[in-house]
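Structural characterization, general
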Amino acid sequence: MSVSTLATVPSVCAPLPVLGRDVTVPLVTGGEVTYAPLDYAASAPALQRVWDDVAAYAPYYGSVHRGAGYLSQLSTDLFENARRTVAEFLDCRDGDQVVFTRSTTDSLNLLAAALPAGCQVFVFETEHHAALLPWRDARVTVLDAPRGPRQAVETLERALAERDPLGPALVCVTGASNVTGELWPVRELAAAAHAHGARIVLDAAQLAPHHPVSVEDLDVDWVAFSGHKLYAPFGSGVLAGRADWLREAEPYLAGGGASRKVTRRTDGGVDVEWHDSAARHEAGSPNVIGAYAVASACKALTEAGFDTLVAREQYLVAKVREGLADVPQVRFLSLFGDDAPRVGVLSFVVDGWNSSHFAAALSAEYGIGVRDGLFCAHPLVRTLLGSDPQTQGECGAPEAAPGEKSLNAIRVSFGAGTPDEHVERFVRAVKELVTDGARWNYRTEDGRCVPDRSA
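Further remarks concern the overall build of the protein. Within the protein, the secondary structure is distributed over 14 helices and 19 strands. Taken over C-alpha atoms, the radius of gyration comes to 23 Å for the protein, in line with the 23 Å a tight globule of 455 residues would show. If one aligns the C-alpha atoms of the protein with their principal axes, the spans along those axes are about 80 × 55 × 45 Å. Long-range contacts, defined here as pairs at least 24 residues apart, represent 71% of the contacts in the protein between residues at least 6 apart.

Here it is, written out as structure tokens:
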């Protein structure tokens, strides 16, 4: 996107109202400033529309599926309608199930527990740990990071063609990287998986908030995402897709709601008949408010129009990249190249800076919230930084003190609620820190770089 194009976008793409847009935070240098949350890839602020919907429902809260009272019936209808709304948002096929979970991590662990015996799992080293680690009871093949979409497809095809013995197989792939923001060739990867008799699950945690996701069009078998990245509050997630493996697996949790019928045996034990619907994996009292919030966010994004949301986000991506193009100390991280399509997620390193120190200065001196570290994608970040795969690291900040070498990066991310001013402040702050250095002293405390207030 050129500079001339940038000027035409904001007039038609206003940011969506989000909670916290007027929150002010103190600066170590004195005074206060409106907080600029540029860590959407970790947790996006809730849309005001979502919060208003939840607040309107809260007085009518009741038990779900188990009550004869009016509020219980109302809550049950709302919960099941939320399931249908999510299915429409994802363009699910007839017969697909939508299971409400706690998060993407929970969703993928649920699917891992439902894998048929002998299933082989194929996953790129580029995945977030939520997609890389759940497959503990399966035979897992971790594929090297590809350096382009075509290489990703070729790598998967080669691995699937060489698997032995043949049997059930699952491919797990991200839709958009939580480190680089780059879009992955999901449709092509799905075609490759199916051509070799494998199924595929899409980690859409970073894709669904930024782009439309169609289960049918992408031809994926399952999709997983989190509410807290989709502008809904914490504690809700979705696994949606084919019902057969889920229906044939033991319930993810055993308890009320998952069971259709429980009877005593003469030997003192119990026999259980489990549901074969989504309820099979939703034991216990469900998070009806969380499900309703996710559905509200799905409606809000659909009504806003993804064409408009994508246009604005690309405008902001270009604003960051072009604003820092003349700062040679800043190096953006990428697998597929600088021109690869991406969502509003950018990670970078700054020559001469420890990443934790830089992130701390952005927060303390400019009121800007970003993320630093390995972003719970250790193998990918180490590959991008060219570091030893065995080097220790953490999801959060490194243990290195300000000024020492850092094996971590800095991530700026934004979305539908980000105003121009937040991005402009970020670009200005990066330039000032690179040119003039921090205006405050910092020290390491409990593994994090923090302002030194003892001076």
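Note: strands within a sheet are paired through backbone hydrogen bonds, in either parallel or antiparallel orientation. Read from one edge to the other, the open sheet built from seven strands follows the order 4-10-9-8-7-5-6, with strand pairing classed as mixed. The sheet is open, and its two edges are formed by strand 4 (97–101) and strand 6 (139–143), each paired on a single side. Geometrically, the sheet is characterised by an average inter-axis angle of 20° between neighbouring strands, direction not taken into account. Bridge count for strand 5 (residues 120–124) against strand 7 (residues 169–174) is four bridges, and the pairing is parallel. Across the sheet, Q120 pairs through a bridge with A169, a residue of strand 7. Running over the sheet, helix 3 (residues 70–89) touches strand 4, strand 9 (222–226) and strand 10 (237–241) and is turned about 115° from strand 4. Against the sheet, helix 6 (residues 149–161) touches strand 5, strand 6 and strand 7, its axis set at about 160° to strand 5.

Another point: the sheet that holds strand 17 (residues 409–413). Reading across from one edge, 13-14-17-16 is the order of the four strands in this open sheet, with antiparallel pairing throughout. For this open sheet the edge positions go to strand 13 (330–332) and strand 16 (371–373), each flanked by a neighbour on one side alone. When strand polarity is set aside, the average angle formed by the axes of neighbouring strands in this sheet is 30°. With four bridges joining them, strand 14 (residues 345–350) and strand 17 adopt antiparallel strand pairing. Residue pairing in the sheet places L346 in a bridge with V412 of strand 17.

Okay, the pattern of salt bridges next. Inspection of the entire model under this criterion finds 25 salt bridges. Among the salt bridges present, the one from D267 reaches R265, with a minimum N-O distance of 3.1 Å. Overall, R265 belongs to the partly exposed group, its relative accessible area being 35%. Taking the shortest distance from any N to any O, the salt bridge between R448 and D372 comes out at 2.8 Å.

Our focus in this paragraph is unusual backbone geometry. Despite not being glycine, Y231 shows a phi value in the positive range, around 70°. Looking at where Y231 falls in the secondary structure, it is placed in the loop between strand 9 and strand 10. Assessed through its relative accessible area of 0%, Y231 is described here as buried. Unlike most non-glycine residues, D446 shows phi in positive territory, near 55°. In this structure, D446 sits in the loop between strand 18 (442–445) and strand 19 (448–451).

The next thing to look at is the pairing of strand 8 (residues 199–203). Sheet faces and side chains relate simply in a regular strand, where the side chains alternate between the two faces. Of all the five residues making up strand 8, five are buried; the element is thus mostly covered by neighbouring parts of the structure. A two-sided burial pattern is seen for strand 8, the buried positions comprising R199, V201 and D203 on one face and I200 and L202 on the other. Considered for its hand, the β-α-β crossover made up of strand 7, helix 7 (residues 186–195) and strand 8 is right-handed. Of the pairings in the sheet, the one linking strand 8 to strand 9 comprises three bridges and is parallel in character. Counted as the bridge partner of L202 is V223 from strand 9.

Okay, the nonpolar core next. Considering soluble globular proteins, one finds that nonpolar side chains tend to be buried as a cluster. Formed by 82 residues in total, the largest nonpolar core has its most connected members in L90 and F225. Among the elements that make up this core, the one with the highest residue count is helix 10 (residues 288–304) (nine residues). Those residues within four positions of F225 in sequence are excluded, and the remaining contacts are V86, L90, S103, T104, S107, A204, A205, A208, L230, G237, V238 and V294. Counting residues in each nonpolar core, the second largest holds 36 residues, with A359, Y366, F426 and A429 among its members.

Following the criterion strictly, the structure yields twelve aromatic pairs and no others. When the ring of Y57 is compared with that of Y61, the centres are 6.5 Å apart and the planes differ by 65°; the resulting orientation is edge-to-face. A ring pair is formed by W353 and F358, whose centres lie 4.9 Å apart and whose planes are at 90°; its orientation type is edge-to-face. These aromatic residues form a ring-pair network of at least three members: F332, F348, W353, F358 and F426. A cation over a ring is seen here: R321 above F332, with NZ or CZ 4.9 Å from the ring centre. If you follow R439 out to its NZ or CZ, it ends over the ring of Y366, 5.1 Å from the centre.

Residues of helix 13 (residues 378–385) that are buried include every one of H378, L380, V381, R382 and L384, and no others. In this structure, the buried side of helix 13 is in contact with helix 5 (129–132), strand 13 and strand 16. Remark: G386 follows helix 13 within two positions and exhibits a positive phi of approximately 70°.

Rules of the game
Residues numbered from 1 in each chain as written. Predicted model: local features only at pLDDT ≥ 70, side-chain atom pairs only at ≥ 80, totals over all residues. Heavy atoms only, no water. Helix = DSSP H or I, 4+ residues; strand = E, 2+ residues; numbered from the N terminus. Rg over C-alpha atoms; globule rule 2.2 N^0.38 Å. Contact = heavy atoms within 4.5 Å. Pairing = 2+ DSSP bridges. Axes fitted to C-alpha atoms, helices over the stretch in contact; angles between N-to-C directions. Salt bridge = Lys/Arg side-chain N within 4 Å of Asp/Glu carboxyl O. Buried < 20%, exposed > 50% of the residue type's maximum accessible area, 1.4 Å probe, protein only. Right-handed = clockwise from strand over helix to strand, strands pointing away. Core = buried A, V, L, I, M, F, W, Y, C linked by side-chain atoms within 4.5 Å. Phe/Tyr/Trp six-rings, centres within 6.5 Å; stacked < 30°, edge-to-face > 60°. Lys NZ or Arg CZ within 6 Å of the ring centre and 35° of its normal.

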